[in-house]
Each structure stands twice: as structure tokens, then as C-alpha cells.
Amino acid sequence: MKSREQFIQDLAPKKFTKAEKIWLGLLIVVIFAGFLAYVDQVRSGLQVTNLNDYALWGIYISNFVFFIATSFVGAATVAILRLTQNAWRTPLVRIAEIISLAAIIMAGVTIIIDLGRPDRALYTIIYARFQSPITWDVIIIPTYLVAIFFLLYFPLLPDLAILKEFYKKTNPRLSKWYGKLSLNWKGSAVQKALQQKSIKIIAVLVLPLGLILQTIDAWLFSSTYRIGWNSTNFGPYFISGAFVAGVATLVVTIFMVRKVKGLEEYITDYHFDKMGKFLALACLIYLYFNANEYLMPAYASTVNEGIHLETLFTGHYSTIFWFVTIGGLIVPVIILMFKKGRSPVVMFWVGMLVVLASWWKRYIIVTPTLLHPYLPIQGVPESWRDYFPSLHEWLITGSNLATALLILTLLVRYLPVVAIQRTMDESALENKAKTGES
Amino acid sequence: MGKENKNTRRKFLDKGLKLGFITALSGFGISKVASKLNATPNHDSGSKMELMNTNGDIIQVDSTDVTPVEHSSDHDKKYNVREGMPNRKFVMVVDLAKCKNALACQSACNKHHYVTGDNAWIKVYNMQESKDTAPYWMPVTCQHCDQPACVTVCPVDATFKRKDGLVLIDNERCIGCRFCMAACPYSIRVFNWSEPDQGEIYVDMDMSHHTPTPEHAGKPSKMGTVDKCDFCPHAIKNNELPHCVTACPNGVFYFGDKYEDTVTNGDESLRLSKLLEDKAGYRYMEALGTEPSVYYLPPTDRLVDFNDGLENYTEYESVAKPE
């Protein structure tokens, strides 16, 4: 059995390696490029994008929906796995919470980037009207952000106290910070009881909040008259899609963190195996809602519906559509069915594929529908009949992704990504059981 | 046993009392309402007044029953841009049979509203439902729906519905989220993607003393906000017709007040209800339930060949750009 010191030594945050510093530099460069593009967008208006009066929403809204979806992973893993008492979640939940936090922050940022008048963003609060789905979003996003923050913070308290001790000599300044953030944690019975209760409340709360967040996101679309959006299926369709995007992001992130931080002993093949099954389940549920979303309208289609589906199945968007359906859902399920398919390296690539497909999925939910309005597209430049993001949009998108990764990288740098106290407690319990049996 | 009996009796008494109380109350209420309904004037002063009712008939009324209506004297002063003109309901009728795609409506609209983007506020669509049915020209303005989807989804009350039927945009309020554009099934809304090049507007309109209101078609247009056809409230206010109506050489557009049941295209004034009945007027995409204020008359008995209008048809342009 490992000693307490060894656990702390293994799990305490480590300084950036050279490779990580290069990674960080790269992120900052990408963020800066996007920042410049955004400054230009604010100065000269949304004309720098390829958006138009028909494709009035584009890649920014896709990014928004993608970040919202990814932020579901915290609620999904923590709440579901906790409520079902799945012990294998221990080394995974903190990374899930960190991803959620980074994603929900970036969702808030991306929606402001899409505004024509970001200077009036506060009007959504000052002049809020409750009947608009955007107002519901304005309410739920900060609420979910706060919930996720506490979900990350409460279980951190004992670890922060441990780190305060750990860094006392080697890095007094850092130690002071950990001390302040640990809120004077001593590990007394009263503190523990209070902490456990708080975690429990927030864990129960975060699942409905996550479901509401995804549903409102879906309602942004389904509350319009548009073909392809006005669907009663959209709520559960978005929830299950968020499940896929979130778990896939988790797999990819965990693989990278494990590799860079050398946590192979704590995050084992066993965990990847479990996550693989979890991801396969997510994909299967999402496939079911995809069938609802596309097959029934195709069976009993009106003319407009037929035009919309035709562009997806065989037309302009068919390449992306089949990539996200086959490449992003069916192939991963098949790979994940095999034990070897759930080994870490294979899972990483499957995860990457699913994340990429998840992003393009949002793209083909947003764009094709807008290009098939009820009235024909006439009297506008020919380029308006199609939409593909401009350089500005790609730069800003890249910058959004990089910002999310920067938040992730910094949190992983300064927080123990695997809960120290909890891992020690569980290991002790395990040992006790073993010695008791023998 | 005895105790149980007592309990049930108590419950019975309790319930009985409550029930009785409710019955008494409702009986009292009903008698009150009934007395109001059956009220007959029980006074007769002997002096009668002659009045005209809404049907135009002269009726006699006991003079004690007549109380003067209090007219609010501050009607005009209190006029609110967001409330609209009191007791009006503006409607438009578009006669598809007369439209030859002359596009005068569009150029007049573009000119008077200083439309400088790529998308005009009014467009004449080249329509054909199926290859076996006749093609026709269909001018589309904002439908000024009575159940406007755009207003419902607006998060900040920037676009609003007035009592006189107009749906307008406050471009000092609009945050540019474009949800209203996504919600509008008529694709009528346009966005100021760049700074609108309306340089001449200040000279023309003497904007120096003018605070922008939605009444003036949101002029000047603002970058990052939504614009659309506004039924020309600045013209209506002066008892003038919207620019598209006056500009049309073929008298396609009729504009008027639904409460007055009258519409006019400048040359002839017609009864709205009769016009719609005689020519089988309809509203576009009625099934969506948006309750538009624009009516269409079907393109029947056309005097001109559809192909004549094709000369003017530009598929990719609705706002003429200076060379």
C-alpha cells in the first residue's frame, strides 16, 4: 500500500514541462489571433463574417451549441455516476467538472460574440422579457455555471488543505493561496458533515439544471417555424447529443492529462473500459433520437421538409451529414463493442472522432435549415444562397476553442485532477477489506 | 366505537356548515348577477332624447339614461410611439392579378427608406407553385402579423406590436441577436451587417433636431441591428399612403384601415370586406396562425403576360448599387 506522502507526491499539481509550455504558447498565439479578428469584427460589423440575411446564424451559434453540449459532461458524470454509486468515477469526475466549467464559460462568451451589438449585451437583463427563449438562456447559463463551480469547489476543500501543507516549504506563495482557498479546512467531523451535505445537494441539483440547459438550447431552435428546427423531438435530441459530445470530450481530455501528468497508476485501463461503455451507450441513445429526427419526417414529408432532407441525405450537406452519422456515431459504437476498442489509445482516437463529428453535427443543425426558408431566396447576391465561414469566423472559433483549452490547462496545472483525499480514503478502505478477508 | 361515531358526526357537521356557507354565498352572488342582468330602468322622467346608434338608426332614449362620455383631451399629446395611433388598424391588400413586376414599389421604398444593404425591404417574388400552375409576381412586404413570431422571441422588446397593427423595431434597443429573423416565416427582416452608408440622409431630412424613433423607419439605420418594412408610419401620420402604394403604376397595393373597412390604392377607394369577398382574398401562410395584416387577391384574369415582367426580374439584386 502506498503511503500518504506518496499519494500526495503523485497527485499534487506539477509544474509545466517544456512541451506544456510550448502548448501554452501556441494557445496564447491562437487566442491572440482570434482576439484581433474579434476587434475587427466589432469595429467593422458582422460584415467580416460570411453570414447574411438568410444564413443569419452560423459557426458562432454552432460553437455556442457545442460548448453548451460539452458542458453537460459535468452534470452527466457527476450526478448520474454519483447517484448510481459507481465507484469508478473517482479519478474522472474532477476533470469532467473542469471541462464543464471551461465549456459553460465559453458558451457565455460565444453567444456575445454572435451579437450584432455586443455593447448592448446587458439589455438582455435590463429589458428582459420572459417570453423569449434567449431570456431563459440568460437565466440558466449563469445558474448552471455557479452550480458547476460549486460542484468543482466543494470536493476540492480537503485537497486544497493538503496542498497547503505540501507546498509550505517549497513554494510558500502558492501554499498561501491554497490555504486561503481551502477555507480553513481541518477535516473535523463538523466540516466533513457540512461538506458532504453540500456536495450531495449540489450533485442532485446539477442534473436537472443540466437537463434544463440543454432543453432551452434546443428550444432556441424549435420555437421557430423553421423546417428542421420546429421539432418536438429537439429537447431529448439535444440532451442525448450533449451526452455524446461531453463524454467524448472527457475521454480525449483524460487521455491527454493522464499521459502528460503520468497518472497511469490512477487512471487505468479499467476506467477507460468503463468510459468506453458509457460512450457507446450515449451514442446508441443519440442514434435513436437521430432516427426520430430524420426518418419520420422523411417518411411523411411535406415539400419543404423533403427539400431540407434531400440536401442532408444526398445533396449539398450529405458529406458532413453521413460523416457525423456514420463516422461520429455508428463506427464508434462498433469499435467500442470490442474490448480492445476500449483500450486507452483506441479510445482516444474514437473520442477525437466523436468530438469532431459532434461539432460538425451542430453545424448541420444550424446552417441547412436557414437556407431553406418558406419564400424562395431571390433578390439577394448569389453568394447568399450558401454559407461557409469566413477567415474571421474561423479565427474567432479557433480562439474560442483555445480559450477553453487554456482554462482547462491552467486548472489542470493548479488543481489536483484526481481527488487526493478521496483516493487515499478509498485505497485505505480497499486495503482494510483485503486484510480483513485474509 | 363511541369515539369514532363522535368523530364522524363532527366531520359531518363541519362539512355541512362549510357547504351551507358556500351555498349561501353563491346564492347571494347569483341573485346579485341576475338583478344586474334583468335591470330595467325604473325611472321615467318623461323627457326623451333622439340619438343615432352605430347602425345609423335614430333611437329615442330617456334623457336621464344619457351620460356624456368623458373625452380625453390629451389624445394627441399623449401619443406614444410604442402604442400607436388610437382606434386604427392598418391593413394592406395586394392584388396579384395586377402586378407586372414593374418594381416601382421597390425602388420607391429603397429610396425613401435609404435602404443601402443588399436586401430590399419589399421584394417582388417570381412565384410558381408547381410546373403545371401559372407563374405570377408576388410583392411581399412585412406582414405586420397580429400574432408576430418576431415580437414573441425578441429578448429585449426591441421589436414590438402596436395597437394600430404596426410591427416596428426600436434600433436603439436591438441587440442584434437575429432571433426575430430566424422566427419570421416570411423572411422579411434584413440586418445591417456593416455601417449603413446613409450619408445623404442627414442633408435630406435635417436630422440635426431629430431624435431617432422607430416611427421614422429607424432612420438612421444602425450597424448591427435589424431593419424591415414598417408600413411607413411617418407617411400615415400625415394622412399619406405608404411609398410602395403611391409608387405602383398598376395600382397593385391598397392601403387602409380595417375599422373603417376602407382601402385605397390612390386611384380608387374600396370596401375592404367586399373586396376580399368578391376577389377571394386570402392571407399568405394563414395556416401558421401568424394572422397577417396583409391580404392577397389571387392572380386571376391577368391582362398582361407573365413573361413581360421577366425583363425587370433580377434574381440577384433588389437594391440598385451606384456604378
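Note that the structure is a prediction, hence the values are computed from the model and not measured. (Residues numbered from 1 in each chain as written. Chains lettered and ligands numbered in written order. Predicted model: local features only at pLDDT ≥ 70, side-chain atom pairs only at ≥ 80, totals over all residues. Heavy atoms only, no water.)

**A short note on the overall build of chain B**
Helix and strand counts for chain B stand at nine helices and 13 strands. When each of the 323 residues of chain B is scored for burial, the buried share is 44%. Pairs at least 24 apart in sequence give 61% of the contacts found in chain B among residues at least 6 apart. Counting only carbon and sulfur atoms, one obtains 54% of the accessible surface of chain B, whose full area is about 18000 Å². (Helix = DSSP H or I, 4+ residues; strand = E, 2+ residues; numbered from the N terminus. Buried < 20%, exposed > 50% of the residue type's maximum accessible area, 1.4 Å probe, protein only. Contact = heavy atoms within 4.5 Å. Areas by Shrake-Rupley, 256 points an atom, 1.4 Å probe, with all protein chains shown as cover.)

**Examining the pairing of strand E1 (residues 48-52) of chain B**
Residues and elements named next belong to chain B. With five bridges joining them, E1 and strand E2 (residues 58-62) adopt antiparallel strand pairing. Residue pairing across strands places Lys48 opposite Asp62, the latter belonging to E2. Count of turn residues in the E1/E2 antiparallel hairpin: five residues, of which Gly56 carries a positive phi of about 90°. (Pairing = 2+ DSSP bridges.)

**Describing the packing of helix H5 (residues 90-114) of chain A against helix H16 (residues 391-414) of chain A**
Residues and elements named next belong to chain A. Where H5 meets H16, the closest approach of the two axes is 9 Å, and the angle between their N-to-C directions is 150°. Between H5 and H16, the crossing angle belongs to the class labelled roughly antiparallel. Helix-helix and strand crossings are classified by hand; for H5 and H16 the assignment is right-handed. Here Ile98, Ile99, Leu101, Ala102, Ile105, Met106, Thr110 and Ile113 of H5 come into contact with H16, specifically with Ile396, Asn400, Thr403, Ala404, Ile407, Leu408 and Leu411. Each residue belonging to the contact of H5 with H16 can be placed in one class, and the counts come to twelve nonpolar, three polar and no charged. (Axes fitted to C-alpha atoms, helices over the stretch in contact; angles between N-to-C directions. Parallel < 35°, antiparallel > 145°, perpendicular 65-115°, else oblique. Left-handed = near helix turned anticlockwise from the far one by under 90°. Nonpolar A, V, L, I, M, F, W, Y, C, P; charged D, E, K, R; others polar.)

**Remarks on the packing of helix H2 (residues 18-44) of chain A against H16 of chain A**
Residues and elements named next belong to chain A. Packing of H2 against H16 brings their axes to within 7 Å, and their N-to-C directions diverge by 140°. As far as their axial angle goes, H16 and H2 are oblique. Between H2 and H16 lies a crossing whose hand is left-handed. Contact with H2, carried on its side by Trp23, Leu24, Leu27, Val30, Ile31, Ala33, Gly34, Phe35, Ala37, Tyr38, Asp40 and Gln41, involves His392, Leu395, Ile396, Gly398, Ser399, Ala402, Thr403, Leu405, Leu406 and Thr409 of H16 and no other residues of that element. Grouping the amino acids of the contact of H2 with H16 by side-chain chemistry returns 14 nonpolar, seven polar and one charged.

**So, the sheet that holds strand E13 (residues 294-297) of chain B**
Pairing between the strands of a sheet comes from backbone hydrogen bonds, and it takes one of two forms, parallel or antiparallel. Residues and elements named next belong to chain B. Taking strand neighbours across the sheet as the criterion, the five strands line up as E12-E11-E10-E3-E13 in an open arrangement whose pairing is mixed. Among the strands making up the open sheet, the edge pair consists of strand E12 (269-271) and E13. Shown here is a sheet whose adjacent strand axes are inclined to one another by a mean of 25°, direction ignored. Across four bridges, the pairing between strand E3 (residues 90-95) and E13 is parallel. Directly across from Asp95, in E13, lies its bridge partner Leu297.

**Description of the pattern of salt bridges**
Applying the stated criterion across every chain, the model contains 25 salt bridges over all chains. Measuring nitrogen to oxygen at the nearest pair gives 3.5 Å for the salt bridge that ties Lys277 of chain A to Asp273 of chain A. With Lys277 of chain A and Asp273 of chain A both in helix H12 (residues 269-299) and four residues apart, this pair spans about one turn of that helix. Under the relative-accessibility criterion, Asp273 of chain A is labelled buried at 10%. Note that Arg283 of chain B is salt-bridged to Glu291 of chain B, the shortest N-O span being 3.2 Å. (Salt bridge = Lys/Arg side-chain N within 4 Å of Asp/Glu carboxyl O.)

**Structural notes on the interface of chain A and chain B**
Counting from both sides, the interface comprises 44 residues of chain A and, opposite them, 51 residues of chain B. Here chain A packs against chain B, burying approximately 4000 Å² in sum over the two surfaces, 57% of which is carbon and sulfur. The tally of links from chain A across to chain B stands at three salt bridges. Notably, a salt bridge pairs Arg178 of chain B with Asp114 of chain A, separated by 2.7 Å at the nearest N-O pair. Remark: the boundary between chain A and chain B carries 30 residue pairs in polar contact (both at pLDDT 80 or more). Every element with two or more residues in the side of chain A that touches chain B is listed here: H2, helix H6 (123-126) and helix H7 (133-153) of chain A. Of the residues contributing to the side of chain A that touches chain B, the split by class is 22 nonpolar, 13 polar and nine charged. (Buried area = accessible area lost by both parts, 1.4 Å probe. Polar contact = N/O pair within 3.5 Å; in protein donor to acceptor, adjacent residues only side chain to side chain.)

**Thoughts on the nonpolar core**
Core analysis: the largest hydrophobic core is formed by 204 residues, its most contacted members being Trp57, Phe221 and Met275 of chain A together with Met92 and Phe253 of chain B. Those residues in contact with Met275 of chain A, other than ones at most four positions away along the chain, are Trp88, Leu92, Val247, Leu250, Val251, Ile254 and Met347 of chain A. (Core = buried A, V, L, I, M, F, W, Y, C linked by side-chain atoms within 4.5 Å.)

**Some words on the packing of aromatic side chains**
Residues and elements named next belong to chain A. Within this structure, the stated rule accounts for 44 aromatic pairs over all chains. For the pair Tyr294 and Phe321, a centre-to-centre distance of 5.0 Å together with 85° between the ring planes defines the contact as edge-to-face. A residue pair is termed long-range when its members are at least 10 positions apart, and Tyr294 in helix H12 and Phe321 in helix H14 (residues 318-337) qualify at 27 residues. Neither residue differs from the other here; Tyr294 and Phe321 are each classed as buried. Sitting over the ring of Trp177, Lys180 keeps its end group 5.5 Å from the ring centre. (Phe/Tyr/Trp six-rings, centres within 6.5 Å; stacked < 30°, edge-to-face > 60°. Lys NZ or Arg CZ within 6 Å of the ring centre and 35° of its normal.)

**Digging into the side chain of Asp227 of chain B**
Residue and element names in this part refer to chain B. On the secondary structure map, Asp227 appears in strand E9 (residues 226-227). One buried charge, Asp227, has no salt-bridge partner; the nearest side chain with opposite charge is Arg189, at 8.5 Å. Every residue in contact with Asp227, bar those within four places of it in the chain, is listed here: Trp121, Ile169, Arg189, Val190, Asn192 and Ser221. (Lys, Arg positive; Asp, Glu negative; His and termini not counted.)

**As for unusual backbone geometry**
Residues and elements named next belong to chain B. Residues other than glycine seldom take positive phi values, yet Cys232 does so here, at roughly 50°. The phi dihedral of Ala280 falls on the positive side, at around 55°, and the residue is not glycine. Tracing the backbone shows Ala280 in the loop between helix H8 (272-278) and E13.

**Thoughts on the state of the cysteines**
Residue and element names in this part refer to chain B. Tallying each qualifying case throughout the model produces zero disulfides over all chains. Looking at the unpaired Cys99, the closest cysteine sulfur is the one in Cys105, lying at 6.7 Å. Using a relative accessible area of 11% as the deciding quantity, one classes Cys99 as buried. (Disulfide = S-S within 2.5 Å.)

**A closer look at helix H13 (residues 303-313) of chain A**
Residues and elements named next belong to chain A. Taken together, the buried positions of H13 are occupied by His308, Leu309, Thr311 and Leu312. Viewed end-on, H13 has its buried residues packed into an arc of 155°, placing them on one side of the element. Lining the buried residues of H13 we find H12, H14 and helix H15 (344-370). (Arc of directions from axis to C-beta.)

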